[in-house]
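# Secondary and tertiary structure notes
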Amino acid sequence: NAGVTQTPKFRVLKTGQSMTLLCAQDMNHEYMYWYRQDPGMGLRLIHYSVGEGTTAKGEVPDGYNVSRLKKQNFLLGLESAAPSQTSVYFCASEAQDYEQYFGPGTRLTVT
Amino acid sequence: GQQVMQIPQYQHVQEGEDFTTYCNSSTTLSNIQWYKQRPGGHPVFLIQLVKSGEVKKQKRLTFQFGEAKKNSSLHITATQTTDVGTYFCAGGNTPLVFGKGTRLSVIA
C-alpha cells in the first residue's frame, strides 16, 4: 500500500498561473481533505470531500477549487495563483475510526 | 465555529526533562486526536481519545481527555532528541478542527 501520495512534491509558479495538485489514496477511504500549512498557523482546512462526487468548503476555500471524480483521487486547483498561496499543501484521507492519513505534502511557491 | 486552542506554541527543553502540551476547546468534543509532525515531514496520527477522563499511554507519552471532554493533554516523560517536532491536537466531528500545534525542541 502506498497510502496517500501527492503530486508534485515541489512547484514554483508565477502570479496568475494555474495548476492542479493531485492527491491519491489506495485505502478505499470515503473522506478526503486538503489543508495548507503556514508558519505559526497550524493546519487550515481548504476543502474536503465525504465521498465520490461531493465537495465542501473548509476554513480557507477562496482561490481554490476541488474535484472528486474518483473515490481514490482528490484534486486541488489554483486558477490564478497569488503570492498569498505560497504554502505547504497536505492532502489527507480519513479511515472509518476518524484517523487521518496525510500525504508527504507539496511545497508551492508563487512569485 | 468550533475552536481548538493549544498551548504553549513553543517549548524548548533539555534532554531528559518532561514536556506537556495542552489543548482546550470552546465546545464539548466527541473525540480528541493527537498527531506528531517531524521537521520537514507530514503529520502522523498518534492516538485518539473518546471517553470522558480517558488516559492512554504509549511508552513515554501519556494522553488525557478531560472529564468535561473540553480539554486534553499530552505529556512526554524524559524527552529524547527523537521527540523533536510539532504536536497537534484535533477534535470534533467531520471536519476535524486542528489546534495550531506546539513545537518541541530538545537540547541534547
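Description of the structure in this document. The shown structure was predicted, so the numbers you read here are calculated from the model rather than taken from an experiment.

Think of a disulfide as a covalent bridge from one cysteine sulfur atom to another cysteine sulfur atom. Within the structure shown, the criterion is met by two disulfides over all chains. In this model, Cys-23 of chain A is linked to Cys-91 of chain A through a disulfide, with the two sulfur atoms separated by 1.8 Å. Residues Cys-23 of chain A and Cys-91 of chain A are joined by a disulfide whose S-S torsion is about -75°; by sign, that bridge is left-handed. Highlighted residues: Cys-23 of chain A in strand E3 (residues 19-25) and Cys-91 of chain A in strand E9 (residues 87-94), separated in sequence by 68 residues. For Cys-23 of chain A, a relative accessible area of 0% gives the class buried. Note on cysteine connectivity: Cys-23 of chain B is disulfide-linked to Cys-89 of chain B, with sulfurs 2.0 Å apart. Where Cys-23 of chain B bonds to Cys-89 of chain B through sulfur, the torsion about that S-S bond is close to 75°, and the disulfide is right-handed.

Turning our eyes to something else, we now look at unusual backbone geometry. Omega for the peptide link from Thr-7 of chain A to Pro-8 of chain A comes to -5°, which places this bond in the cis form. Here the bond from Ile-7 of chain B into Pro-8 of chain B is cis, since omega is -5°, no more than 30 degrees from zero. For Pro-8 of chain B, the position within the fold is in the loop between strand E1 (4-7) and strand E2 (10-14). The phi dihedral of Lys-59 of chain B is positive, around 55°, even though this residue is not glycine. Relative to the helices and strands, Lys-59 of chain B is located in the loop between strand E6 (55-58) and strand E7 (61-65). For Lys-69 of chain B, which is not a glycine, the phi torsion comes out positive at approximately 55°.

Calculation criteria
- Residues numbered from 1 in each chain as written.
- Chains lettered and ligands numbered in written order.
- Predicted model: local features only at pLDDT ≥ 70, side-chain atom pairs only at ≥ 80, totals over all residues.
- Heavy atoms only, no water.
- Disulfide = S-S within 2.5 Å.
- Helix = DSSP H or I, 4+ residues; strand = E, 2+ residues; numbered from the N terminus.
- Buried < 20%, exposed > 50% of the residue type's maximum accessible area, 1.4 Å probe, protein only.

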